[in-house]
Structure formats: C-alpha cells, structure tokens
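Observations on chain architecture
Now for the letters of each chain:
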Amino acid sequence: MVKIGILGVGTVGQSVANILESNADILEARAGKKIIAKSGVVKNLSKKRDVTITLSDNPLDVIDDPEIDIVVELMGGVEEPYELVKRALKNGKAVVTANKALLAYHRYELQELAGDLPLMYEASTAGGIPIIGALRNGLAANHIESIQGIMNGTCNYMLSKMINEGAKYDEILKEAQDLGYAEADPTFDVGGFDAAHKLLILSSIAYGIDAKPEDIVIEGIDKITQTDVAFAKEFGYEIKLLGIAKRADNGVELRVHATMIPQESMIAKVDGVMNAVSVVGDRVGETMFYGPGAGGDATASAVIADIVDIVRGNQGPMLGYKKGLESGLKLLSKDEITTHYYLRMEVDDESGVLSKVSGILDKSGISIESMLQKPHTDDERVKLLFTTHECKEAQITEAIDALKVEPCVYGEVVMMRIEK
Ligand code: HSE
C-alpha cells in the first residue's frame, strides 16, 4: 500500500483525495498497489472541505510522517513550498507538485536535490494535458524544433470573448475569475507570467535551458485593441497569447506575447478556457495536444497520473536527463528574435509620406510583405498597416524608434509579432 499526503487541500487537492477514493480500483489495477490518501494540510482548518482525509494546519504533520510515501504539493507560492519540498525529499519521500512558479524558479536545484527520488510535475503545465510526459518520454527520440501553445486559459477565454463578441476587458476578466480559472492575482494571467512559468518548464525538458522568468520576453494581453483585432482578421490572422520556444541555428528563443497566427492553423481555432500545445520534433513532425488547462478534476487527473507512475517505478531524472542535453544551446536575447511583424501607425495623408515610412523600414533592412492604408473620414490622417517578411527584433526596434520621431507619424507605433 502507498500512502499520500497532500499539502494544500483546495479545489485540486480535494479532487485528488476524492478521485483516489472513488477510482481506487482502477488505480490499484494500473499502479499494481493500493493507493490511499492519508492526510492533508490546509491554512484554515475552520473552512469546510469535501474530503474524508485527516486535516492539519501544520505541513510537518505530512512531511515528517513516516507513513507517508508521496507528498503532493498543491500550495502555490515559491519559497515556502520550496522549503517544504526540500524537507520532504530529505525525508526520502517522493514528491508530486502542480506548482509552476516553484519550478520556474527552482527546477534545476530541485532536480539536483531529488537525485534518484521521484519528483514529478505533470499538473504544473497545461493542467490535464499530459504535455510533460509527452516531452519527457513520448518525444524523447527528437530534437525539439519548436513548442507553441496556448498555456493560459484565462487569457484565451478573455481573448476569445473580446474577439468574437467584442466584450470589454474588465467584464470579461471578472467572468474568467468566476469560472475559477484565473490566478489569485490575475496579473499573473493577463501579464503573461503564468504562461511564462509553464514555457520555462517545457523549455527545460526540450532544450535544457536554465532561464528564469526575468530572462525572457513576457508580454500580456492588456495592450491588445479592437483595432488590431479587426486588422489581424483583414490580414488573415487570429490573435492568441502564445508561449513560444523556437530553436534557431545559434540558440533558443523563449517568449510569451500576443501573437498573430494564421486563421486556418489548429491553435487559432482553440477558443475559450482550453489549452493547446503544438510541439514540432525533427523526426516526428508536428504533434498537437489539446485539453483543459485548469480545473479541479482535470488538474487532479495529471497529479494522479504522476502518483501512478511513481508507484509503478517509472522514474528517471526529473527533467528527463541528468546532464548534457543540447550542450552549448543558449537562450537568445530579445534582439535576436527572428519572426514576421505587424506594424500599425497613424500618418499624414500627404504625398511622400508612404515613401518616407517605407524608406525607414528599408533603412533597417526590413522587407514589407503586405501593406494596407485606411483613410479616416474625419481628418487628414490615415492608418498605415504593414506585415513584414522575417527580420530580427533589433531591426524592428530600430525602425520603430525612427518612426516615432518622424513628424508625419502620430502617436504610438503598434507592433505585434506574427508566427506562421
Ligand atoms: N490561471 C491558469 C489559467 C490556471 O488561466 O490557465 C492554470 O495554470
């Protein structure tokens, strides 16, 4: 028999305890041993929980309990769970965590500390989608060329509603919170940080990149306007908040931002709170993973998959390798990002303006792919919109800086990255 202790018995923790009980037969058959949820730890003991396990408000009641074999960490936060997970490992216990922030900061130290003890984290990224197992095991034969995904259900829900129904940002954020998908502090969602934590975890498995959130490009959905949504459609694109890891000749791009993607691509069709991740391997080609990225039972499903794997003895290093994965592959700087771009600006409706603007793009070595000019009916200005051929972010930044000080250009020059 294997006994489980749960740190954090909120929505996911209650689902884990209940599924372990209600699906006990099938779990015993699959794992080869009986699995019992023994105890849990909560901050507030007076709050009612829908579980039959013993509850305590002292984490050490689980971590130092010699009967507990596997500690499930579902607390959230970074430093407190880090200390508790370290102590659990020191006590010789296997650990399952759903904590993406913990892993975004401490995954390499934890892998070192865990050594041969299992430390698993399927639920940390894209909730119920088995993307960690897919990258660690299913795609192990491949060099990973790219990972692109909708990794935050709250943002995708908000964008779908804003784009399809013209819904207002604040109202739609409230709806996402009511659905129970948003983080306690929703700036983690709308600012792109939640997706970035997940991207960092995936990029460690795929490329061995040891980066922290501060090291990569993270932009949220707060600057997207209906104007750009409408123009994206005219150019044949949808706008999604994507986590992107892309291998180039000299390194790996890691970035989270609102992205224009072709309307006919599979990811463009993923609406609402669902997550979807596309992984391209050099041998398998494109693989696509779709499913619920959050929610009690969906996330618990991933937690329990890890428990079953541990009980079966399917271990191996936490990140899927010990040393030497893709040695020499480095994180590329923001300037080195290479992609297509969308630019929008407002300019004087006069002769010579278009050639001035295109001259600035040309000076930075940017080749225009398509262009649209939209006249205003009420003044003497027009909107100019461009999509570009591939170029480096440094070129776009240089051109935007030059456009901003050009007297015929008014206000902000809006830029969005395009992935094809
Ligand atoms: N806040 C996250 C989301 C929950 O909206 O996807 C799962 O990490």
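Note that the structure is a prediction, hence the values are computed from the model and not measured.

Neither face of strand β5 (residues 94-97) is left uncovered, since the one carrying Ala 94 and Val 96 and the one carrying Val 95 and Thr 97 both have all their residues buried. Between strand β4 (residues 70-73) and its parallel partner β5, the chain crosses via helix α4 (residues 79-90), and the hand of that crossover is right-handed. For β5 and strand β6 (residues 119-120), the ladder comprises two bridges, and the chain directions are parallel. Bridge assignment links Val 96 to a residue of β6, and that residue is Met 120.

The next point concerns the domain arrangement of the chain. Splitting the chain by domain gives domain 1 (2-129 + 297-312), domain 2 (134-292) and domain 3 (335-418). In this structure, domain 1 and domain 2 have C-alpha centres spaced 27 Å apart. Tallying the contact residues gives 16 residues for domain 1 and 23 residues for domain 2. Interface area, domain 1 with domain 2, both sides summed: about 1600 Å², of which 61% is carbon and sulfur. When the buried surface of domain 1 facing domain 2 is broken down by residue, Lys 100, Tyr 105 and Ile 129 rank first, second and third, together holding 35% of it.

Next up on the list: the nonpolar core. Leu 110, Ile 131, Leu 135, Ile 147, Ile 239, Leu 254 and Val 279 are the most contacted members of the largest nonpolar core, which has 83 residues in total. Not counting chain neighbours up to four residues away, the residues in contact with Leu 254 comprise Leu 199, Leu 200, Ser 203, Ile 209, Ala 211, Ile 216, Val 217, Ile 244, Ala 245 and Leu 331. Counting 31 residues, the second largest nonpolar core, distinct from the first, contains Ile 4, Ile 6, Ala 94 and Met 120.

Right, let's talk about unusual backbone geometry for a bit. Not every positive phi belongs to a glycine, and Ala 126 is a case in point at roughly 60°. Structurally, Ala 126 can be placed in the loop between β6 and α6 (131-138). Overall, Ala 126 belongs to the buried group, its relative accessible area being 1%.

A few words now on the site of the ligand. All residues in the neighbourhood of the ligand are listed as Lys 100, Asn 152, Gly 153, Thr 154, Tyr 181, Glu 183, Asp 189, Asp 194, Lys 198, Gly 293 and Ala 294. Within the side chain of Thr 154, an N or O atom sits 2.6 Å from an oxygen atom of the ligand. Residue Tyr 181 places a main-chain N or O atom 2.8 Å away from a nitrogen atom belonging to the ligand. Contact with the protein chains removes 92% of the 250 Å² of surface that the ligand exposes when unbound. Broken down by secondary-structure element, the contributors of at least two residues to the shell around the ligand are α7 (153-165) and α10 (193-207). Class assignment for the residues of the shell around the ligand results in two nonpolar, four polar and five charged.

As for its position among the elements, Glu 219 is in the loop between β8 (217-218) and α11 (226-234). Among all residues touching Glu 219, those that are not within four sequence positions of it are Gly 191, Gly 192, Leu 241, Val 256, His 257, Lys 334 and Arg 417.

Let's shift gears to the packing of aromatic side chains. This model, assessed by the stated rule, comprises two aromatic pairs. Centre to centre, the rings of Phe 188 and Phe 193 are 6.2 Å apart; their planes meet at 70°, and the pair counts as edge-to-face. On the basis of relative accessibility, which here comes to 37%, the residue Phe 193 falls in the partly exposed class. Both rings, one in Phe 235 and one in Tyr 342, keep their centres 6.2 Å apart while their planes meet at 80°; by these two values the pair is edge-to-face. Remark: Tyr 342 occurs in strand β13 (residues 338-348) and Phe 235 occurs in the loop between α11 and β9 (237-248); sequence separation between them is 107 residues. One exposure class covers both Phe 235 and Tyr 342, and it is buried. The ring of Tyr 410 has Arg 381 lying over it, and the distance from NZ or CZ to the ring centre is 3.7 Å.

Reading the values: rules and limits
Residues numbered from 1 in each chain as written. Predicted model: local features only at pLDDT ≥ 70, side-chain atom pairs only at ≥ 80, totals over all residues. Heavy atoms only, no water. Buried < 20%, exposed > 50% of the residue type's maximum accessible area, 1.4 Å probe, protein only. Helix = DSSP H or I, 4+ residues; strand = E, 2+ residues; numbered from the N terminus. Right-handed = clockwise from strand over helix to strand, strands pointing away. Pairing = 2+ DSSP bridges. Domains from an automatic or database assignment. Contact = heavy atoms within 4.5 Å. Buried area = accessible area lost by both parts, 1.4 Å probe. Core = buried A, V, L, I, M, F, W, Y, C linked by side-chain atoms within 4.5 Å. Near = heavy atom within 4 Å. Polar contact = N/O pair within 3.5 Å; in protein donor to acceptor, adjacent residues only side chain to side chain. Areas by Shrake-Rupley, 256 points an atom, 1.4 Å probe, with all protein chains shown as cover. Nonpolar A, V, L, I, M, F, W, Y, C, P; charged D, E, K, R; others polar. Phe/Tyr/Trp six-rings, centres within 6.5 Å; stacked < 30°, edge-to-face > 60°. Lys NZ or Arg CZ within 6 Å of the ring centre and 35° of its normal.

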